[in-house]
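# Structural overview for review
So the chains spell out like this:
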Amino acid sequence: MEQRKIIPAVSVAIVRGETVLLVKRARAPSQGLYAYPGGKVEPGETLAQAAARELQEETGLEASDYHPLRDIHIDGSGENHAVDYRLTVFGATYAGGEPVASDDAETAAFYTLAQMAEMPLAGDVFSVAEELLGPSS
């Protein structure tokens, strides 16, 4: 079996109060689903730099205190994507401003867990949000 190419990618979960920032993806993978802003890592970027750039490009927001939360393997073959992604999900601290969707995001807004439970979400979005917003044990 042919070895699939794995591309490093990042996404960033920004918490504001009891809400978390999601964008509706305008393009594959996960087109039409809500996910954290993110994308591919550019050559020469650190993962955290890529997360900050993607956040800025897709929502116009800035954040601080980027810290990796988990790594997720995304199999692109299910969506006829030629590559797989190794997605590093970052958490970061909201630093002000209102999200404005651009680049490959259709919408960008903050949502509560209750709202998210009713929405079409990509992969691990809900479990990451629960981790960030849920009661700390």
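A few points on the structure. It should be emphasised that the depicted structure is a prediction, and the values quoted were computed from it without experimental measurement. (Residues numbered from 1 in each chain as written. Predicted model: local features only at pLDDT ≥ 70, side-chain atom pairs only at ≥ 80, totals over all residues. Heavy atoms only, no water.)

## Things to note about the nonpolar core
Test applied: Each nonpolar core is a collection of buried residues, namely Ala, Val, Leu, Ile, Met, Phe, Trp, Tyr and Cys, held together in the definition by side-chain atoms within 4.5 Å. Residue burial is assigned from relative accessible area. The probe radius is 1.4 Å, only protein chains are included, and a residue is buried under 20% of its type maximum, exposed over 50%, and partly exposed in between. Here a helix means four or more residues in a row that DSSP labels H or I, a strand means two or more in a row labelled E, and each is numbered from the N terminus. Note on contacts: a residue pair is in contact if any heavy atoms of the two residues lie within 4.5 Å.
Membership of the largest hydrophobic core comes to 21 residues, with the highest contact counts inside it found for Val20, Leu22, Tyr36, Met116 and Val125. Contributing elements (two or more residues each) for this core: β1 (6-16), β2 (19-25), β3 (34-35), β6 (84-94) and α3 (125-133). Counting residues per element, this core draws most heavily on α3, at four residues. Sequence-distant contacts of Met116, that is, excluding residues within four places in its chain, are made with Val20, Leu22, Tyr36, Tyr111, Leu121, Val125, Phe126 and Ala129. Core analysis: the second largest hydrophobic core is formed by 13 residues, Val12, Ala50, Leu61 and Phe110 among them.

## A closer look at the pairing of β6
Defined as follows: Pairing between two strands is assigned when DSSP locates at least 2 bridges connecting them.
Burial runs high along β6: eight of the 11 residues are buried. Sheet analysis places β1 next to β6, joined by 10 bridges and oriented parallel. Counted as the bridge partner of Ala9 is Leu87 from β6. Direction of pairing for strand β5 (residues 63-74) relative to β6: antiparallel, over a ladder of nine bridges. Along β6, the bridge assignment pairs Ile72 with Leu87.

## Things to note about the side chain of Arg25
Basically, it comes down to this: Under the convention used here, Asp and Glu are negative, Lys and Arg are positive, and both His and the chain ends fall outside the count. Take a side-chain nitrogen of Lys or Arg and a carboxyl oxygen of Asp or Glu: if they are within 4 Å of each other, that pair is a salt bridge.
Note on placement: Arg25 falls in strand β2. The charged side chain of Arg25 is buried without a salt bridge, its nearest counter-charge being Asp104 at 4.3 Å. Apart from the residues lying within four places of it in its own chain, the contact partners of Arg25 are Ser30, Gln31, Gly32, Leu33, Ala35, Gly38, Asp104 and Glu106.

## Concerning helix α1 (residues 47-59)
How we decide: Given a helix with a known number of residues, its expected span is that number minus one, times 1.5 Å.
Between the first and last C-alpha of α1 there are 18 Å, a value that for 13 residues agrees with the 18 Å anticipated at 1.5 Å per step. For α1, the full list of buried residues reads Ala50, Ala51, Arg53, Glu54, Leu55, Glu58 and Thr59. For α1, the elements touching its buried residues are β1, β2, β4 (38-40), β5, β6 and β7 (105-111). The first or second residue beyond α1 is Gly60, which carries a positive phi of 75 degrees.

## Let's talk about the packing of aromatic side chains
Note the threshold: Stacked, edge-to-face and tilted labels apply to pairs of Phe, Tyr and Trp rings (six-membered ring for Trp) whose centres lie within 6.5 Å, assigned for plane angles under 30 degrees, over 60, and everything in between, in that order.
Under the criterion given, the structure shown has three aromatic pairs. Ring plane angle 70 degrees and centroid distance 6.4 Å describe the contact between Tyr66 and Phe90, whose orientation is recorded as edge-to-face. Separated by 24 residues along the polypeptide, Tyr66 in strand β5 and Phe90 in strand β6 bring together distant segments of the chain. Owing to a relative accessible area of 5%, Phe90 belongs among the buried residues under this scheme. Each ring, one from Tyr94 and one from Phe110, has its centre 5.5 Å from the other, and the planes form 85 degrees; the classification is edge-to-face. Here Tyr94, found in strand β6, pairs with Phe110, found in strand β7; they are 16 residues apart in sequence, far enough to count as distant.

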